[in-house]
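A look at the structure
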Amino acid sequence: MTPTSLILHLLPFLLLVFPKTDAFYLPGSYMHTYSQGEAIFAKVNSLTSIETELPFSYYSLPFCQPQDGIKKSAENLGELLMGDQIDNSPYKFRVNVNESLYLCTTKTLTEEDVKVLKERSRDLYQVNMMLDNLPVMRFTEQNGQFIQWTGYPIGYAPTGTDQFYIINHLRFKIFVHEYDGSNVEIITTGEEGLGMISETDNKNMSGYRIVGFEVTPCSFKRDPGYLSKLSMYEKIDPVYCPVEIGRSQPIKENERISFTYDVEFVKSDIKWPSRWDAYLKMNGAKIHWLSIMNSVMVILFLASIVFVIFLRTVRRDLAKYEELDKEAQAQMAEELSGWKLVVGDVFREPENSTLLCVMVGDGVQILGMAVVTIVFAALGFMSPASRGMLLTGMIVLYLFLGIAAGYVGVRLWRTIKGGSDGWRSVAWYIACFFPGISFLILTCLNFILWGSKSTGALPISLFFTLLALWFCISVPLTLVGGFLGTRADPIDYPVRTNQIPREIPERKYPSWLLVLGAGTLPFGTLFIELFFILTSIWLGRFYYVFGFLLVVLLLLVTVCAEVSVVLTYMHLCVEDWRWWWKSFFASGSVALYVFLYSVNYLIFDLRSLSGPVSAILYLGYSLIMALAILLSTGTVGFLVSFTFVHYLFSSVKID
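Bear in mind that the values here come from a model prediction, so they are computed numbers and not experimental data.

Conventions used here
- Residues numbered from 1 in each chain as written.
- Predicted model: local features only at pLDDT ≥ 70, side-chain atom pairs only at ≥ 80, totals over all residues.
- Heavy atoms only, no water.
- Pairing = 2+ DSSP bridges.
- Helix = DSSP H or I, 4+ residues; strand = E, 2+ residues; numbered from the N terminus.
- Buried < 20%, exposed > 50% of the residue type's maximum accessible area, 1.4 Å probe, protein only.
- Contact = heavy atoms within 4.5 Å.
- Patch = residues over 30% accessible without salt bridge, like charges linked within 9 Å, V, L, I, M, F, W, Y side chains within 5 Å.
- Areas by Shrake-Rupley, 256 points an atom, 1.4 Å probe, with all protein chains shown as cover.
- Salt bridge = Lys/Arg side-chain N within 4 Å of Asp/Glu carboxyl O.
- Disulfide = S-S within 2.5 Å.
- pLDDT = per-residue confidence, 0-100.

**Points about the sheet that holds strand E7 (residues 134-135)**
Reading across the sheet, the four strands line up as E3-E2-E6-E7 and stay open at both edges, with antiparallel pairing between neighbours. Two strands in the sheet have a free side with no partner beyond their single neighbour: strand E3 (87-94) and E7. Taken together, the two bridges between strand E6 (residues 129-131) and E7 define a ladder with antiparallel strand orientation. Paired with Met 130 across the strands is Pro 135, a residue of E7.

**A closer look at helix H17 (residues 580-588)**
In terms of residue burial, H17 counts as a mostly covered element, since eight of its nine residues are buried. Considered for burial, the residues of H17 that qualify are Trp 580, Trp 581, Lys 582, Ser 583, Phe 584, Ala 586, Ser 587 and Gly 588. Where H17 is buried, its residues touch helix H9 (353-378), helix H11 (402-417), helix H14 (511-518), helix H16 (546-573), helix H18 (590-604) and helix H19 (612-650).

**Overview of the pairing of strand E4 (residues 99-105)**
The two faces of a sheet get side chains in turn, since along a regular strand they alternate between them. Most of E4 sits out of view: seven of its seven residues are buried. Taken together, the six bridges between E4 and strand E16 (residues 258-267) define a ladder with antiparallel strand orientation. Residue pairing across strands places Cys 104 opposite Phe 259, the latter belonging to E16.

**Thoughts on the environment of Phe 213**
With respect to the helices and strands, Phe 213 occurs in strand E15 (residues 207-218). Considered as a pair, Phe 213 and Phe 175 are 38 residues apart in the sequence and their alpha carbons are 6.3 Å apart.

**Considering a nonpolar patch on the surface**
Where nonpolar side chains cluster on the molecular surface, the patch consists of Ile 403, Val 480, Phe 483 and Leu 484 and spans about 300 Å² of accessible area. When residues in the nonpolar patch are grouped by element, the largest group, three residues, is from helix H13 (residues 460-487). The exposure class of Leu 484 is partly exposed, given its relative accessible area of 39%.

**Overview of the state of the cysteines**
Applying the stated criterion across every chain, the model contains two disulfides. One disulfide bridge connects Cys 64 with Cys 104, the sulfur atoms lying 1.8 Å from each other. One quick way to see it: the torsion about the S-S bond of Cys 64 and Cys 104 is about -90 degrees, and its sign makes the bridge left-handed. Of the two residues, Cys 64 sits in the loop between strand E2 (39-44) and helix H2 (77-81) while Cys 104 sits in strand E4, which places them 40 residues apart along the sequence. Cys 104 carries the same exposure label as Cys 64, and that label is buried. Covalently, Cys 218 is tied to Cys 241 through a disulfide, its sulfur atoms 2.0 Å apart.

**Topic: the confidence of the model for the protein chain**
The predicted model of the protein chain has a mean per-residue pLDDT of 81, with 81% of residues at 70 or higher. Across residues 1-28, where pLDDT falls below 50, the model places 43 contacts with residues more than four positions away in sequence or in other chains.

This is the structure in structure tokens:
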């Protein structure tokens, strides 16, 4: 019985036993019930574009401002890192009241205002508005098909002209579901954190809940002299979008722009828990399914063949070797070549062993963070309604998994060195290696964002917050993990290491070519899902198929382990005992192909990306992603290869 079904079976019993007990909810999206005529205000996020990766504040343009002034909403760590800046807006709606309202008329546009408005319109910037935590949605028709978008454009220029028109009239359609407030206990989740839903609250739940938010934007020129005499929220004649070009509002110097809007409430049968389905609906779902299944089957087929052949070869070698007596084994060791001849060198300390321990420790930390995050997201704990929760959860998990990184890295270092002297330096390197590189890249990118006056730039206060989290949580936990690693028993080698290293036979081709080529097989499990992830990040799409991502992650870990073990065995068979780094990069080389694919995506799929600044930002973030993949996949390959080599030479008793 699954945990969900168990809860559903126990719920009626618990309600009978504890009829007066309040229910709690987990972080998610708390539903709000509105009464007839209740005033609600929309909020606005940063202006974003698919042509440039520089978000800007909504009020950086001459838009209408709220009567009570601009107020920023509380933002979590993930929202700040993503460049979100959520402000209140003057757009007010009264539940179930259809009306056409006037907002404001701007001052005369200056040359600078016109320049900025045209630039933002040319770069396809859009307004990201939300109501009751739902992003506004619009539909456009292209080639006979309706395409769904979130947000609406600032302005536009008709094909074949250089004249820009501003979107100054919005026709909203708000879908509501009516609830009668029946006496049913409701257990739900909320983005505000832990909270309570009492029986008294439940009795007052009759009313309307917002389940959809759509907009039809258009440009409409009005007489600013007449409208400027009106007060905000005075009623006006409705406008039916779209309108003719001749009646649109151009962006010109010395013009005054009037902003208006219509709102229509529509009753809907959509229940509140299903209101996000329209946003998470995937286009081309069949193609997605077929592509994923095709990759899964191909990778499993190839990996199973390689692994079966490999197991048969090793088992045959071991069985043949163990059937001989000691004298015959000694004679056979002199006559045969292969992995049996490197018995005295296979556990020789590799070059840059400290760096290897540091990278393995960081890889454990990143891999643990990825696995736990994706599992929780697949189980539904990372709601898309809670913006920034996914990134915030990843950061928190990374900080606390420092204890695992320190333990694995220091214990591996003790195994290689045979002692505990200097473990604090290793733990410090583990705590600073990946975060330090990422922080350096983000700092450089942040200077670029600061120079562009983008809301994507991290404020100085957030920089100090991240530094405090790093040195007050991650570093101490890594040192604690390192201390625990010194208390754990080092892994004993099954064979002794010779004092003089064995000479490695010359090869016709460099062994690193085989290592780099090995990354193509893990990349085959990843590249399709990588396309959807890049699309969601850079083209503003919602990504919520974490079930697929979890399957792909498990396949990736499996294939990385198999490929690394096979490559390690092949190197040992040609008497190459330097397997440590090669086993790491055999699976870690997938990061190279991920970065090259990201460059390919930039050139061919993000052709509209304008300007060197956006390209630098894209490549900087892609470099951090590739480094994280290198450390995590390389760690999987190394640890599995180490286990395999240890088992292989433990199976043959050699004096």
